[in-house]
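Observations on chain architecture
Residues per chain, in single letters:
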Amino acid sequence: MVDALLLGAIGAGLAVGLAGLGSGIGAGITGASGAGVVAEDPNKFGTAIVFQALPQTQGLYGFLVAILILFVFKTASPWAMFGAGLATGLAGLSAIGQGIASAAGLGAVAEDNSIFGKAMVFSVLPETQAIYGLLIAILLLVGVFKGAGAVSVAALGAGFAVGFAGLSGIGQGITAAGAIGATARDPDAMGKGLVLAVMPETFAIFGLLIAILIMLMV
Amino acid sequence: MKPVRMKKLKAVILDEKVDNVVRQLHESGIVELCDLSEKLEDVEWKSLLSPSSHADYVRNVTTLMIKASRILDLFSNVNPKEVSVKDILNPKPIEKKKVQFNTHEEVIEYCEKVLNEISKEVDEPSEKLNELENRKSKLLQLKDQISYLKGLEFDLKDLGPGVYVYIGCGSVPKEKVNELKSELDKVTEEYIEVFTGEEFEKDNKIRVPIVFVTLKEKLESVLSTLRKFEFERYDISDVEGTPKEALQKIESELKNIESEIKSLIEKLKSLATKWENELLVVYELLSIEKERGDAYSQFGKTNRTYYIEAWVPAKDAEKAKKIIEESSEGYAFVEISEPDEPEEKIPVLLNNPKPIKPFEMLTEMYAMPKYNEVDPTLLIVPGFLLFYGIMLTDAAYGLFLTIVGLWTWKKIGKVSEGAKKLGYILTLAGMATIIMGIITGGYLGDFMYEFLNIDIYKMGLAFVNPLGASNFIKNGPIAILGFSIAVGLLHLFIGLLVGFIENIKKKNTMDAIYNQGIWILLILALVIGILCPIYPIVLAGYHVSIIILIAIAIVVIMCAIKGAKENGFMGAFLGAMDITGFLGNVLSYARLLALCLATGGLAMAVNIMAKIVGSSIPIIGIILAIIILIGGHAFNFVMNGLGAFIHSLRLHYVEFFSQFYEGGGKKFSPFKANREYTTT
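Notes on the structure in this doc start here. (Residues numbered from 1 in each chain as written. Chains lettered and ligands numbered in written order. Predicted model: local features only at pLDDT ≥ 70, side-chain atom pairs only at ≥ 80, totals over all residues. Heavy atoms only, no water.)

Another aspect to go through is the overall build of chain B. The helix and strand inventory of chain B stands at 21 helices and 18 strands. Relative to the compact-globule value of 26 Å for 680 residues, chain B shows a C-alpha radius of gyration of 39 Å, a clear excess of over 25%. Once the C-alpha set of chain B is aligned to its principal axes, its extents read approximately 120 × 90 × 60 Å. For chain B, the proportion of its 680 residues judged to be buried stands at 47%. (Helix = DSSP H or I, 4+ residues; strand = E, 2+ residues; numbered from the N terminus. Rg over C-alpha atoms; globule rule 2.2 N^0.38 Å. Buried < 20%, exposed > 50% of the residue type's maximum accessible area, 1.4 Å probe, protein only.)

So, in structure tokens, the structure goes:
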């Protein structure tokens, strides 16, 4: 048996570290766009802050899971802790994509305030991956499944599945950014834009599914 | 559930009466005028009607509008509006002026009168102000140039052409002075005298002021030589005395001008407060008249009549007919008919009962429905509120959101229609959050447990614990996850059912079966299979009812057939994968659990940090803990409040709407007088 605290600590570190890396890059991308917008019109500072907040949520999820590992689910299986950290951390890299989408959203809103809502909806799409990561982390920590897939080293497989599949958020962010541009030009493009922007999510769902199957079956 | 039914209104009106008809229709605001100019290109129409252009009086109106807006600009320049936070949070509604005009002539006459009166008082000080400002900028330039001429003692009035000689001044870079002097001597055959003054720095370059005296006939060649040496010419005129004396004089004149400008601005400020509201009224009256005059360009006309087409909601059709007949005193023929144009040309007006009307905003944000499509607003309301409640799920946050919502609705909503709607939605969302917060026992996260040592889950005050066990449910997260998936299935089922019924109504039976029917079947099979697992088959250690397996097989085969019809072999293969898309839609609802936990979990993290800081640092620890608590919870509230709103919307836009809703209609925009400062 490996020391519980040891693997848990690594998991907590991965959760905060990787998710923070993603959020940092994402918020940086949006921030660069925000700086440009504010230089044109200082009144848009508030809008810029709102959009920059979006890619920061991944970092928060990482922080949340670290706190959960260290303070709440101290009795969970050590491998589950490690896996939970991996899942949240890797999936948190989707913040890079969200940063790209938010930057486009902010640019569009700077031109035309009325599409704020639409830009928001698009910008928040690449967060799904991070939410799936968080979901798997919680399922691992709570100990819903008692099989080897949830408590042994196999739990890492679940973390890897949903975590790496979560990188699809980067692609989704790029599509969403394009869709925002299209919607800004033609508001009726919203529906079709959403369909296209949701496509890359398929792979995140595959990851989520496999992660659940690992916990369920192994 | 459908947008408002529309009627087409067609009217032929005698030209003398058309002005009054346009006026009354504009005041009533119940019809949308159709632009006929495109239709009139058609040969058949062309033989009957010619296109009409703007009413003649539009030109007068526009001239007056320009005049009014110029004075408004001046007012806003001298009297900039300061918007305080208090005004934003609690704005005062604008006092409306009651007006009564029957013709455009009356309006124009009235506006002319008011504008003349205002110009009489404003023109003089504003012209004076202009003059003074011009003078000021000229003096500033002079002052700038003369200040460079330090060290050159001569009378400035001598500058310029004399009887035989020309005296000029300017500056050149320091390093070029000597070269310049010799070059000038060369081109003028030494008929030139150059004086230099004290060097100065400008734009990071050391420059030297020079004054040159030369014969008039040599001036041309002198100037062209000077140009080669980066010479900057100073155009100083109407000044007397040495540079030093001149500077003093300019200073004192500038001082006088400043004080004069100040008093003029004061005067204009008082004029602005006196006239601004009246001027805004005038401007609004004129814009309304202009809109009416511009409307003429959408009509067709014959020798003595105008022909109008308009969309009108069915229930207002008779009213609109009456308005036209009465305002034309009977010199009109009106016909009301069913829409005679393709669906996408018919304007869409949503008509929902008052309690859910504000939610139309959410439908519109996606896209207006098409004329014959379902209006999904009613379907959005329960799902949106439920999802919002589950995702924010904290009674204290909910209470705060309710207060914010009520404030936005009642206070800011007084002046802004958008704020009113948003406030209403937030208020309801806040209440939903309170209910869900009580059910999940979230009051600022686990604040009660951390600081007051009350475990609500053990006391049986909360139904489910998102992070563990309660008295009622042992495994909270799994219960919520199961609930999320179940709600997701129900939500998708509703969407599918609506789409199925719509397709059947439109006689698209195949679409109804392939796009909605098979999934409805699958959901039903899942429900039956899980509730009463007959003929279970063991699959990887789990018992799965045969009903579910059969349904899955049917769905995969049907999807493959559909795919094959569209795209052949590859299509069949891709179609068989459609089931993963469905699975994705269902799993997407699992975000309800994740976000519910994210709010509660982050609130807990704030509480834990505050507690650690509060107990480990003596004395100031308590203050720091309070700062962490307030800042942390405010942050968590804003982040998750926003997140819950958008994710709730996303579940509707992406998962729900894709089952039945397309949208893409054109919004009904009535021909209506937009009155902010006036009322009739």
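Structurally, the position occupied by Thr128 of chain A is in helix H7 (residues 128-142). Residue Thr128 of chain A is classed as buried on the basis of its relative accessible area, which comes to 0%. Looking at Thr128 of chain A, its side chain comes within polar contact range of the side chain of Glu201 of chain A, at 3.5 Å. Not counting the four nearest positions on each side in its chain, Thr128 of chain A is found in contact with Glu201 of chain A together with Arg591 and Arg650 of chain B. (Polar contact = N/O pair within 3.5 Å; in protein donor to acceptor, adjacent residues only side chain to side chain. Contact = heavy atoms within 4.5 Å.)

To continue, consider the packing of helix H12 (residues 395-410) of chain B against helix H21 (residues 620-660) of chain B. Axis angle and axis distance: for two packed helices, these are the angle between their axes and the distance between the axes, and together they describe the pair. All names here are of chain B. One can describe the packing of H12 onto H21 by two numbers: an axis separation of 11 Å at closest approach and a directional angle of 70°. With respect to H21, the element H12 is oriented roughly perpendicular. Facing H12, whose interface residues are Tyr397, Phe400 and Leu401, H21 presents His633, Asn636 and Phe637. Looking at the contact of H12 with H21 residue by residue, the classes come out as four nonpolar, two polar and no charged. (Axes fitted to C-alpha atoms, helices over the stretch in contact; angles between N-to-C directions. Parallel < 35°, antiparallel > 145°, perpendicular 65-115°, else oblique. Nonpolar A, V, L, I, M, F, W, Y, C, P; charged D, E, K, R; others polar.)

Right, let's talk about the environment of Ile261 of chain B for a bit. Residues and elements named next belong to chain B. Relative to the elements of secondary structure, Ile261 occurs in helix H8 (residues 243-295). Ile261 sits 125 residues away from Lys136 along the chain, and the two C-alpha atoms are 9.7 Å apart. Excluding residues within four positions of it along the chain, Ile261 makes contact with Leu129, Leu132, Glu133 and Lys136.

Okay, the nonpolar core next. Formed by 137 residues in total, the largest nonpolar core has its most connected members in Ile136 and Leu194 of chain A together with Phe359, Leu362, Phe384 and Tyr653 of chain B. Taken together, domain 3 (350-474 + 599-662) and domain 4 (476-589) of chain B each give at least three residues to this core, which thus spans both. When residues no more than four places from it in sequence are discounted, the contact partners of Leu362 of chain B are Ile380, Phe384, Ile425, Phe645, Leu649 and Tyr653 of chain B. Counting 79 residues, the second-largest nonpolar core is a separate cluster that includes Leu33, Val211, Leu280 and Val312 of chain B. (Core = buried A, V, L, I, M, F, W, Y, C linked by side-chain atoms within 4.5 Å. Domains from an automatic or database assignment.)

What follows is about the packing of aromatic side chains. Residue and element names in this part refer to chain B. Within the structure shown, the criterion is met by 34 aromatic pairs over all chains. Aromatic pair Phe359 and Tyr424: ring centres 6.4 Å apart, planes at 75°, arrangement edge-to-face. Here the residue Phe359 occupies a position in the loop between strand S14 (347-348) and helix H10 (360-366), and Tyr424 occupies one in helix H13 (residues 417-440), the gap between them amounting to 65 residues. Phe359 gets classed as buried once you look at its relative accessible area, which sits at 0%. We classify Tyr424 as buried; its relative accessible area is 14%. The interplanar angle of 45° and the centroid separation of 5.8 Å between the aromatic rings of Tyr366 and Tyr661 together place this pair among those described as tilted. Residue Tyr366 is located in helix H10, and its partner Tyr661 is located in the loop between H21 and strand S17 (666-667); the two are separated by 295 residues in the primary sequence. Note on accessibility: Tyr366 and Tyr661 belong to one class, buried. (Phe/Tyr/Trp six-rings, centres within 6.5 Å; stacked < 30°, edge-to-face > 60°.)

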